[in-house]
Amino acid sequence: MTTDSSHDLTIFANPPPGEGAAVLMGFPGSGLVGTIALQYMVDQLEFELVGTMTSRYFPPLAMMNKGVINDPVRLYMKNDITAIVADIPIHPMICYEISTGILDWLVQYKPKEVLTIAGIVTNESEKRVFGVATTTDALQRIQDHTLVLPIGSISGIASSILTGCKIRGIPGFGLLGETVNAPDPRSSAATIEVLNKMYNLGLDVKPLLEQAEEIEQSMHRISEEVQQSADDTTPKKDLPMYG
């Protein structure tokens, strides 16, 4: 295990498995789409937990499962895929610092591509998956599996990661699951179907759909706790002043 530390982020993890690895990221956002999708993936496919990361910017919050504390941001690996799964939201004011710390650590290992999963809130009841990429060539990899967004904007940590990939010349992809502004395992299942096609995972989403109601309830409670903690603990000096 190696340690990579900057002023803003410290990563304790095994390096990705050689050049050509794909790195998938899921941070809490609209619908918790990325967090639910990637945690389900690493659990079902038995990825190995290989590291964690910490930052002075992270809220002092840790989730627990059956009495055992989880690291707020975890790194998993299996074969040629590395997954970064987070339980804590990244405040817009520090997205640059966190994405820069992650990508500066990754770039030395020459990953094949980086993919981030997020949610996009619409007024529709469908669970479509929209796709974006950092270059026209990269877009070809996802255009048959997603609905390509013709114009618009992406916010939050996903936007910082994709912008950082573009600057560093790393092929980057964003999967945006159509969701409502509440925990949405059904949207996560739709993004997993895209991952199945891209990475030949063969991951069955039926158990996720069958457990959707229970997961929606529990993740909603977690979302409220996380948001309350972030609101209460973010240093006021790091935030702009409002009248």
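The structure reproduced in this document is the subject of the present report. Note that this is a predicted model, so its numbers are computed, not measured.

Remarks on helix α4 (residues 156–168)
In an α-helix, one turn spans 3.6 residues, which is why side chains three or four residues apart end up on the same side.
No. 1: The end-to-end C-alpha distance of α4 is 19 Å, a good match for the 18 Å that 13 residues give at a rise of 1.5 Å each.
No. 2: Those residues of α4 that fall on the buried side of the exposure criterion are Ile157, Ala158, Ser159, Ser160, Ile161, Leu162, Gly164 and Cys165.
No. 3: Those residues of α4 that are buried lie in contact with β3 (22–26), α2 (95–107), β9 (113–121), β10 (129–133) and β12 (172–179).
No. 4: Trailing α4 by a residue or two, glycine 169 shows a phi angle of about 75°, which is positive.

Description of the nonpolar core
No. 1: Membership of the largest hydrophobic core comes to 34 residues, with the highest contact counts inside it found for Leu24, Met41, Leu115, Ile117, Leu195, Tyr199 and Leu201.
No. 2: The set of elements that each furnish at least two residues to this core consists of β3, α1 (33–44), β8 (81–86), β9, β12 and α5 (185–199).
No. 3: If we ignore the near neighbours within four places in the chain, the residues touching leucine 201 are Met41, Leu45, Ile81, Leu195 and Asn196.
No. 4: In terms of nonpolar packing, the next biggest core, distinct from the first, is built from 28 residues, Ile11, Val23, Cys95 and Ile102 among them.

Some thoughts on the environment of alanine 133
No. 1: With respect to the helices and strands, alanine 133 occurs in strand β10.
No. 2: For alanine 133, a relative accessible area of 27% gives the class partly exposed.
No. 3: For the pair alanine 133 and leucine 149, spaced 16 residues apart in the sequence, the C-alpha separation amounts to 9.7 Å.
No. 4: Those residues in contact with alanine 133 that lie beyond four places of it in its chain are Ala138, Leu139, Ile142, Gly172 and Phe173.

Notes on the packing of aromatic side chains
No. 1: Under the counting rule described, the total for this entry stands at one aromatic pair.
No. 2: Look at tryptophan 105 and tyrosine 109: their rings are 5.5 Å apart centre to centre, the planes differ by 70°, and that puts the pair in the edge-to-face class.
No. 3: Tryptophan 105 gets classed as buried once you look at its relative accessible area, which sits at 1%.

Points about the pattern of salt bridges
No. 1: The full count for this structure, using the stated rule, is six salt bridges.
No. 2: We note a salt bridge from glutamate 113 to arginine 141, for which the minimum N-O separation is 2.9 Å. Residue glutamate 113 is located in strand β9, and its partner arginine 141 is located in the loop between α3 (136–139) and β11 (147–148); the two are separated by 28 residues in the primary sequence.
No. 3: Judged by its relative accessible area of 2%, glutamate 113 is buried.
No. 4: Looking at arginine 141, the relative accessible area reads 28%, which means it is partly exposed.
No. 5: Notably, a salt bridge pairs aspartate 184 with lysine 127, separated by 2.5 Å at the nearest N-O pair. On the criterion of sequence distance, the pair formed by aspartate 184 in the loop between β12 and α5 and lysine 127 in the loop between β9 and β10 is long-range, its members being 57 residues apart.
No. 6: Given the relative accessible area of 29%, lysine 127 is considered partly exposed.

Thoughts on α5
No. 1: In this model α5 runs 20 Å from its N-terminal to its C-terminal C-alpha over 15 residues, within 8% of the 21 Å that 1.5 Å per residue would give.
No. 2: Turning to α5, its buried residues number three or more, namely Pro185, Ser187, Ser188, Ala189, Ala190, Thr191, Ile192, Val194, Leu195, Asn196, Met198 and Tyr199.

Describing the pairing of β3
No. 1: Where burial is concerned, most of β3 is hidden: five out of the five residues are buried.
No. 2: Burial of the side chains of β3 extends over both faces: Ala22, Leu24 and Gly26 are buried on one face and Val23 and Met25 on the other.
No. 3: Relative to β8, β3 is paired through five bridges, and the arrangement is parallel. When the sheet's bridge partners are listed, methionine 25 is paired in β8 with isoleucine 84.
No. 4: Judged from the five bridges that link them, β3 and β9 form a sheet pairing that is parallel. Considered in β9, the bridge of alanine 22 is made with glutamate 113.

Rules and cut-offs
- Residues numbered from 1 in each chain as written.
- Predicted model: local features only at pLDDT ≥ 70, side-chain atom pairs only at ≥ 80, totals over all residues.
- Heavy atoms only, no water.
- Helix = DSSP H or I, 4+ residues; strand = E, 2+ residues; numbered from the N terminus.
- Expected span 1.5 Å × (residues − 1).
- Buried < 20%, exposed > 50% of the residue type's maximum accessible area, 1.4 Å probe, protein only.
- Contact = heavy atoms within 4.5 Å.
- Core = buried A, V, L, I, M, F, W, Y, C linked by side-chain atoms within 4.5 Å.
- Phe/Tyr/Trp six-rings, centres within 6.5 Å; stacked < 30°, edge-to-face > 60°.
- Salt bridge = Lys/Arg side-chain N within 4 Å of Asp/Glu carboxyl O.
- Pairing = 2+ DSSP bridges.

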